Amino acid sequence: MDDARTGPLAGLKIVEFAGLGPGPLAAMLLADLGADVVRVERAGTERMDPRDVVARGRRFVALDLKDPGSSAAARRLCEAADVLIEGFRPGVMERLGLGPDDLLATNPRLVYARMTGWGQTGPLANAVGHDINYIAITGALAAIGPKERPVAPLNLLGDYGGGSLYLVMGILAAVVERGRSGRGQVIDCAICDNVGTMMSIFQTFARRGLLKEEREANMLDGGAHYYGVYACADGRHVALGAIEPQFYAALRRLAGLDDDAYDAQNDRAGWPELRRRMEALFATRTQREWCDLLEGTDACVAPVLALSEAPSHPHLAARGSFATREDGAVEPAPTPRFSRTQGPLPPRAPTAPTPLDEILDGWQADAKQEA
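Below: a short report on this structure. Everything numeric in this text was worked out from a predicted model, so none of it was measured.

**Topic: the overall build of the protein chain**
Thinking step 1. Scanning the protein chain from terminus to terminus reveals 13 helices and eleven strands.
Thinking step 2. For the C-alpha atoms alone, the extent of the protein chain along its principal axes is close to 75 × 50 × 40 Å.
Thinking step 3. Burial statistics for the protein chain: of 371 residues in total, 42% are counted as buried.
Thinking step 4. The long-range share in the protein chain, meaning contacts at least 24 apart out of those at least 6 apart in sequence, stands at 62%.

**Brief notes about the packing of helix 1 (residues 22-32) against helix 6 (residues 156-181)**
Any two packed helices are characterised by the angle at which their axes cross and by the distance between the axes.
Thinking step 1. Look at helix 1 against helix 6: their axes get within 8 Å of each other, and the N-to-C directions meet at 50°. Taken together, the axes of helix 1 and helix 6 lie oblique to each other. Helix 1 and helix 6 meet at a crossing whose hand is right-handed. Between helix 1 and helix 6, the residues in contact are Pro22, Gly23, Leu25, Ala26, Leu29 and Leu30 and Asp159, Tyr160, Gly163, Ser164, Leu165, Leu167, Val168, Ile171 and Leu172, respectively.

**Notes on helix 9 (residues 245-255)**
Since there are 3.6 residues in each turn of an α-helix, residues three or four apart along the chain are aligned in direction.
Thinking step 1. Restricting attention to buried positions, one finds in helix 9 the residues Tyr248, Ala250, Leu251, Arg252 and Ala255.
Thinking step 2. Next to the buried residues of helix 9 lie strand 8 (237-241), helix 10 (271-282) and helix 11 (287-294).

**Some thoughts on the pairing of strand 4 (residues 83-86)**
Thinking step 1. Along strand 4, one buried face is formed by Val83 and Ile85 and the opposite face, lined by Leu84 and Glu86, is buried too.
Thinking step 2. Two elements, strand 1 (residues 13-17) and strand 4, share three bridges in a ladder whose sense is parallel. From the neighbouring strand, Glu16 faces strand 4, where its bridge partner is Ile85.
Thinking step 3. Where strand 4 lies against strand 5 (residues 111-116), four bridges are found, and the strand directions are parallel. Residue pairing across strands places Leu84 opposite Tyr112, the latter belonging to strand 5.

**Considerations on the sheet that holds strand 3 (residues 58-63)**
Thinking step 1. Strand order in the open sheet formed by six strands is 3-2-1-4-5-6, with parallel pairing between adjacent strands. At either margin of the open sheet sits one strand with a lone partner, and together these are strand 3 and strand 6 (186-190). The sheet shows a mean angle of 20° between the axes of neighbouring strands, taken without regard to direction.
Thinking step 2. Pairing of strand 1 with strand 2 (residues 36-42), which is carried by five bridges, proceeds in the parallel orientation. By the bridge assignment for strand 2, Lys13 is matched with Asp36.

**Comments concerning the pairing of strand 3**
Thinking step 1. Most of strand 3 sits out of view: five of its six residues are buried.
Thinking step 2. In this structure, strand 2 lies alongside strand 3, joined through six bridges in parallel fashion. Among the inter-strand pairings, Arg42 is bridged to a residue of strand 3, identified as Leu63.

**Thoughts on the pattern of salt bridges**
Thinking step 1. Using the criterion set out here, one finds 23 salt bridges in the structure.
Thinking step 2. Close ionic contact of Glu16 with Arg58 constitutes a salt bridge, the shortest N to O distance being 2.7 Å. Placement of the pair is Glu16 in strand 1 and Arg58 in strand 3, with a sequence separation of 42 residues. For the pair shown, Glu16 and Arg58 are each scored as buried.
Thinking step 3. Across the pair Arg236 and Glu309 runs a salt bridge, and its minimum N-O distance is 2.6 Å. Of the two residues, Arg236 sits in the loop between strand 7 (227-231) and strand 8 while Glu309 sits in the loop between strand 9 (301-303) and helix 12 (314-319), which places them 73 residues apart along the sequence.
Thinking step 4. According to the relative accessible area criterion, Glu309 is partly exposed, its value standing at 26%.
Thinking step 5. Residues joined by salt bridges that share partners form a network here, namely Glu16, Arg39, Glu41 and Arg58.

**Digging into the sheet that holds strand 9**
Thinking step 1. Ordered by their spatial adjacency, three strands build an open sheet running 7-8-9, and the pairing between neighbours is antiparallel. Every other strand in the sheet has two partners, leaving strand 7 and strand 9 as the edge strands with one partner each. Averaged over all pairs of adjacent strands, the angle between their axes in this sheet comes to 25°, without regard to strand direction.
Thinking step 2. As paired elements, strand 8 and strand 9 share three bridges and run antiparallel to each other. Among the inter-strand pairings, Leu240 is bridged to a residue of strand 9, identified as Val301.
Thinking step 3. Along the sheet, helix 10 contacts strand 7 and strand 8; its crossing angle with strand 7, the most-contacted strand, is approximately 40°.

**Regarding the state of the cysteines**
Thinking step 1. Taken as a whole and assessed by the stated rule, the structure comprises zero disulfides.
Thinking step 2. Free cysteine Cys189: the closest other cysteine sulfur is in Cys192, separated by 10 Å.
Thinking step 3. Just so you know, Cys232 is unpaired, no disulfide at all, and the nearest cysteine sulfur is the one on Cys291, 7.2 Å from it.
Thinking step 4. Cys232 sits in the buried class, given a relative accessible area of 6%.

About the criteria used
Residues numbered from 1 in each chain as written. Predicted model: local features only at pLDDT ≥ 70, side-chain atom pairs only at ≥ 80, totals over all residues. Heavy atoms only, no water. Helix = DSSP H or I, 4+ residues; strand = E, 2+ residues; numbered from the N terminus. Buried < 20%, exposed > 50% of the residue type's maximum accessible area, 1.4 Å probe, protein only. Contact = heavy atoms within 4.5 Å. Axes fitted to C-alpha atoms, helices over the stretch in contact; angles between N-to-C directions. Parallel < 35°, antiparallel > 145°, perpendicular 65-115°, else oblique. Left-handed = near helix turned anticlockwise from the far one by under 90°. Pairing = 2+ DSSP bridges. Salt bridge = Lys/Arg side-chain N within 4 Å of Asp/Glu carboxyl O. Disulfide = S-S within 2.5 Å.

Below, the structure is given as structure tokens:
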């Protein structure tokens with residue numbers, strides 16, 4: 001991998017201890033922005049999977065952290081790093097001699113980021129779990145799905161929304177603060193905490209008397225006829241989000257919703273009947289016909305596309321939201337975009353480890369140049 005990096009985070013040195021879920025995506029996002037991310041893989045790992053989009057932009061070393069010599073090598077790497085990312089259960093890194101007290105004693109500028117579902121403290125801190133478990137106790141899972149039962153929103157809400165993105169935010173905030181204090185710190189990034197803050201707007205709705213703790217009974221959960229997903233004549237779907245009165249008026253005008261019953265947009269008592277009427281209406285045309293009529297207008301309508309279809313949508317294609325590798329493989333392009341410091345699509349996951357001394361020599365040379 002070419003070690004010449006560009007992007008707003010160029011020069012930031014990160015050690016990522018290999019894991020699952022939110023940690024790897026956070027490391028990918030940071031690498032996309034130019035950070036030099038080195039993943040510590042298990043001993044015996046000879047290559048990373050070049051098909052793994054989330055593993056792009058890294059170098060890696062393979063170490064047996066239970067071996068004293070390999071643990072010492074990992075410590076050398078962390079002593080030269082700006083940021084450490086780990087997602088083990090509480091106490092694991094401490095038992096390996098790589099806990100925050102150990103590493104901050106020799107590298108006081110280190111930002112030590114701990115990514116877990118339950119957090120470092122509390123009665124469930126050492127329990128196993130996955131995205132669906134973490135969001136279950138926050139009120140989020142109970143609010144998503146049809147009336148009959150909650151539905152898991154993939155692992156986007158917990159692992160990635162409440163995990164990766166908060167982890168990146170925490171890391172960048174700690175790096176900014178270090179610029180003032182000269183000191184690193186430990187970040188306890190817990191999905192169960194973070195998803196709770198993502199539910200803040202619904203706490204607001206509840207305080208205002210605008211939230212019913214039922215599914216398909218509220219404005220944003222499929223209860224309102226003007227916000228939801230509708231099946232079309234061809235079995236495909238469109239997404240409708242005509243919330244504001246002017247957008248609702250545009251929907252009515254363009255879709256021919258002339259009946260006076262549609263006047264009371266926010267009368268919850270009328271929502272079920274209006275939804276039934278609109279289900280019948282949307283079933284009269286194909287997805288393409290509805291999009292030809294409504295997409296791009298103030299009616300707020302978009303086609304529901306499959307993963308393989310997304311890169312071909314005209315808007316995403318025009319923006320270059322997806323990038324194409326030399327062999328034709330398509331993947332999301334780095335985002336967000338920067339006016340001065342935008343970097344290229346990072347290289348694929350490497351197919352061979354990088355010698356540890358090569359990494360350390362490069363990092364030490366960078367440190368001397370910065371000094």
